[in-house]
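Listed here are the chains, written in short residue letters.
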Amino acid sequence: MANKNIVVLGGDGIGPEVTAWGNDVLKNIADAFGHTFSFENHLIGHAAIEATGEPLPDETLQACKKADAILLGAVGHPMYDNDPSKKVRPEQGLLKIRKSLGLYTNIRPIQIFDELAHASSIKPEILKGADILFFRELTGGIYFGEPRERQENGEVAIDTMRYSKMEVRRIAEKAFDAAMTRRKIVHSIDKANVLESSRLWRETVNEVAKNYPEVKLIHMFIDNAAMQLIKDPKQFDVVVTGNMFGDILTDEASQIAGSLGMLASASVGDSVGIYEPIHGSAPDIAGQNIANPLATILSTALLLDISFGMKEEAQAVIDAVDAVLKDGYRTSDIAGNNTPKDKILGTDAIGQQVVDRIRAAVTT
């Protein structure tokens, strides 16, 4: 039996809707397996700006530092997208919490459920068997490099791509460690033919690879990787790459899983971790009870596994999601042309289907 404290950051848009079901799944897992999970809700993003003027209030940050794990919904609002001049922005809260908690590794598993092969624009025969684990560096690169400024009366903008060997080494080691438990292939993605930071990246990854002689290391340029990911996703096992490249590639990889609504992620470092879906705040569908909560629910499986070491509990969540899909239930984003209308469910209904299967599996 374990006692754990989980901070829930609903955030913006559909975030509160989907985290509500992540929260409910975790409560039911705790009940089923004899654990005690306590939950605290705190503000981040646009919701926090509206309430406090800050995208990451100190109260939120302090609560997160004391937590055993953090479940995050989504951050973002269109009013900021339409006005680039705004100085305080929701995404600043996300970047700050990653930096403050030392969350330098973003882990994104890309694995298709057989029942969702039709939901992708890629041919099923290309998809079948694809199982990729992305390691995206999260606290360095162009999103954090300095200088970062406007010059010449705002006519020129500068962003800096900066990496240190330490930053590359620590995420490369995590990627190689993971590869040792899988097919023992690591693809390192960079742009070393053009960028000095990528040449440092490649050099450092090569140094780390010497400590893992059983792992096959393949270097690939980002432009080729983007093409190969769609052409032949099965060639990839573990992928390690920088912040911006990983941001782009993992969103592209949503087509392998069929929808952004199916992709979970973990942001971890050496202490507490954040677990979140990768689909964003989707403000256009917020409050309509149509958002897909399955990515958030699958994120709770990562939380149970990585932060709590509860592999059986994590598998129970995955099995429940799989059972719901096998029974033909879908949200609108993953429904096919032949999906019966009575099988297309809203956020709350499909979330309840998952919870019901967790309860049924444990009682039997």
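The structure under discussion appears in the preceding block.
Anyway, here's the lowdown on the structure attached to this text. (Residues numbered from 1 in each chain as written. Predicted model: local features only at pLDDT ≥ 70, side-chain atom pairs only at ≥ 80, totals over all residues. Heavy atoms only, no water.)

### Some words on the pairing of strand β7 (residues 156–160)
As paired elements, strand β6 (residues 145–151) and β7 share 4 bridges and run antiparallel to each other. Each bridged residue has a counterpart across the sheet, and for Gly145 the counterpart in β7 is Thr160. Remark: 4 residues form the turn of the hairpin made by β6 and β7, two consecutive strands paired antiparallel; Glu152 in that turn has positive phi of roughly 50°. (Pairing = 2+ DSSP bridges. Helix = DSSP H or I, 4+ residues; strand = E, 2+ residues; numbered from the N terminus.)

### Re the sheet that holds strand β1 (residues 3–11)
If you trace the 10 strands from one edge of the open sheet to the other, you get β2-β1-β3-β12-β11-β4-β5-β10-β8-β9, paired in mixed fashion. Strands at the two margins of the open sheet, each flanked by one partner only, are β2 (36–41) and β9 (216–221). In this sheet, adjacent strand axes meet at a mean angle of 25° when their direction is disregarded. Across 2 bridges, the pairing between strand β3 (residues 69–74) and strand β12 (residues 274–277) is parallel. Residue pairing in the sheet places Leu71 in a bridge with Tyr275 of β12. (Axes fitted to C-alpha atoms, helices over the stretch in contact; angles between N-to-C directions.)

### Looking at the packing of aromatic side chains
Per the stated rule, a full pass over the model turns up 3 aromatic pairs. The interplanar angle of 55° and the centroid separation of 5.6 Å between the aromatic rings of Phe37 and Phe308 together place this pair among those described as tilted. Remark: Phe308 occurs in the loop between α12 (294–307) and α13 (311–326) and Phe37 occurs in strand β2; sequence separation between them is 271 residues. We classify Phe37 as buried; its relative accessible area is 10%. Judged by relative accessible area, Phe308 falls into the buried class, the value being 10%. For the cation-ring pair, Lys27 lies above Phe39, with the distance from its terminal atom to the ring centre recorded as 5.9 Å. Sitting over the ring of Phe144, Lys99 keeps its end group 4.8 Å from the ring centre. (Phe/Tyr/Trp six-rings, centres within 6.5 Å; stacked < 30°, edge-to-face > 60°. Buried < 20%, exposed > 50% of the residue type's maximum accessible area, 1.4 Å probe, protein only. Lys NZ or Arg CZ within 6 Å of the ring centre and 35° of its normal.)

### With respect to unusual backbone geometry
Residue Pro147 is reached from Glu146 by a cis peptide bond, and omega for that bond is 5°. Mapping Pro147 onto the fold places it in strand β6. A positive phi angle, near 65°, is found at Lys184, a position not held by glycine. Looking at the element boundaries, Lys184 is found in the loop between α7 (165–179) and β8 (185–190). A residue is classified by how much of its surface remains accessible, and Lys184, at 27% relative accessible area, is partly exposed.

### Section: empty space enclosed by the protein
Per the counting criterion, the structure on display carries 2 cavities of 30 Å³ or more. In terms of lining, the largest cavity is formed by Met161, Tyr163, Ile189, Asp190, Ser197, Ser198, Trp201, Thr241, Gly242, Asn243, Met244 and Phe245. Put simply, the parts of the chain that give the lining of the largest cavity at least two residues each are β8, α8 (196–209) and α10 (243–252). Of the residues in the lining of the largest cavity, the class split is 6 nonpolar, 5 polar and 1 charged. Taken together, Phe134, Ile189, Ala225, Leu229, Phe236, Val239 and Leu249 make up the lining of the second largest cavity. (1 Å grid on protein atoms, 1.4 Å probe; cavity = no way out; pocket = protein on both sides within 12 Å on 5 of 7 lines; lining within 4 Å. Points joined across faces, edges and corners; volume = space filled by probe spheres on them. Nonpolar A, V, L, I, M, F, W, Y, C, P; charged D, E, K, R; others polar.)

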